[in-house]
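Listed below, chain by chain, are the residues.
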Amino acid sequence: MSIDSRDIACLSLLQTDAELPVQAIADRIALSPSATSRRITQLRQSGFILRVVALLDRRLLRVPTTIFLTVRAVHNEEWTQRFRNAVAAIPEIVEAHRLAGNLDYIMRIVVPDVEAYDQIYKRLIADVPITEVSAYFSMETLKEETALPLNHVDAAGR
């Protein structure tokens, strides 16, 4: 599916507030509500909208501490699969990325405090042998966005 400027505007509005009524979106993109609803359905079916979620307040839910954990890996398939399984099993690891460069993985972990992080660390190293790991505690969040930049999408959807 190729997308046009109205589709991009729909995506922009929805990623800012997914509960925005179709009528409000339609008003902002100058389309009828039924045409807007069809566009949103097509965007979902085409995979541009993966899912709709609620963003929760970490402080109210008592997981205000963010730790970035870096790992150097053992480079073999068995270790990699064990590591992937261990990461997937720990809900406090909310992001994990394989990197290019001198580090192999970085994870973002959210926990109540340092003691909770220590439990996560012990669980991880019990599941997978890790030779080098570093933890970086976030002191202040300067920017945290959930919205993706849409200025790189042209009207043809590329």
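Reference entry: report on the structure contained in this document. (Residues numbered from 1 in each chain as written. Predicted model: local features only at pLDDT ≥ 70, side-chain atom pairs only at ≥ 80, totals over all residues. Heavy atoms only, no water.)

Details of the overall build of the protein
Okay, step 1: Of the regular secondary structure elements, the protein holds 5 helices and 4 strands.
Okay, step 2: When the helices and strands of the protein are placed in sequence order, the string is α-α-α-β-α-β-β-α-β.
Okay, step 3: On C-alpha atoms alone, the protein measures out to a radius of gyration of 20 Å, which is more than a quarter above the 15 Å that the 2.2 N^0.38 rule sets for 158 residues.
Okay, step 4: Taken along its principal axes, the extent of the C-alpha atoms in the protein is 60 × 35 × 25 Å.
Okay, step 5: Here the protein holds 158 residues, and 27% of them are scored as buried. (Helix = DSSP H or I, 4+ residues; strand = E, 2+ residues; numbered from the N terminus. Rg over C-alpha atoms; globule rule 2.2 N^0.38 Å. Buried < 20%, exposed > 50% of the residue type's maximum accessible area, 1.4 Å probe, protein only.)

A closer look at the layout of surface pockets
Okay, step 1: In this structure, the largest pocket spans a volume of roughly 1,700 Å³.
Okay, step 2: Taken together, 41 residues make up the lining of the largest pocket; nearest its centre are Val 53, Ala 54, Leu 55, Glu 145 and Thr 146.
Okay, step 3: Of all the elements in the fold, those that place two or more residues in the lining of the largest pocket are helix H1 (5-16), strand E1 (65-72), strand E2 (93-98) and strand E3 (105-111).
Okay, step 4: Ranked by residues supplied to the lining of the largest pocket, first place goes to H1 with 4 residues.
Okay, step 5: In terms of residue class, the lining of the largest pocket is made up of 22 nonpolar, 7 polar and 12 charged. (1 Å grid on protein atoms, 1.4 Å probe; cavity = no way out; pocket = protein on both sides within 12 Å on 5 of 7 lines; lining within 4 Å. Points joined across faces, edges and corners; volume = space filled by probe spheres on them. Nonpolar A, V, L, I, M, F, W, Y, C, P; charged D, E, K, R; others polar.)

Quick look at the nonpolar core
Okay, step 1: In this structure, Val 71, Trp 79, Phe 83, Met 107, Ile 109, Leu 124 and Ile 130 are the most contacted members of the largest nonpolar core, which totals 19 residues.
Okay, step 2: For this core, the elements supplying multiple residues, two or more each, are E1, helix H4 (77-88), E3 and helix H5 (114-127).
Okay, step 3: Those residues within four positions of Trp 79 in sequence are excluded, and the remaining contacts are Val 71, Ala 73, Val 74, Tyr 105, Val 128, Pro 129 and Ile 130. (Core = buried A, V, L, I, M, F, W, Y, C linked by side-chain atoms within 4.5 Å. Contact = heavy atoms within 4.5 Å.)

Overview of the packing of helix H2 (residues 22-29) against helix H3 (residues 33-45)
Helix-helix packing is described using two parameters, namely the angle between the two axes and the distance between the axes.
Okay, step 1: H3 packs onto H2 with a crossing angle of 100 degrees between their chain directions and a minimal axis gap of 9 Å. As the angle between them shows, H2 and H3 are arranged roughly perpendicular. Of H3, the residues touching H2 (which contributes Val 22, Gln 23, Ile 25, Ala 26 and Ile 29) are Pro 33, Thr 36, Ser 37 and Ile 40.
Okay, step 2: When its residues are assigned to classes, the contact of H2 with H3 shows 6 nonpolar, 3 polar and no charged. (Axes fitted to C-alpha atoms, helices over the stretch in contact; angles between N-to-C directions. Parallel < 35°, antiparallel > 145°, perpendicular 65-115°, else oblique.)

A closer look at unusual backbone geometry
Okay, step 1: Despite not being glycine, Ala 30 shows a phi value in the positive range, around 60 degrees.
Okay, step 2: One can find Ala 30 in the loop between H2 and H3.
Okay, step 3: Notably, Arg 62 is not glycine yet its phi reads approximately 65 degrees, a positive angle.
Okay, step 4: Within the fold, Arg 62 resides in the loop between H3 and E1.
Okay, step 5: What makes Arg 62 exposed here is its relative accessible area of 66%.

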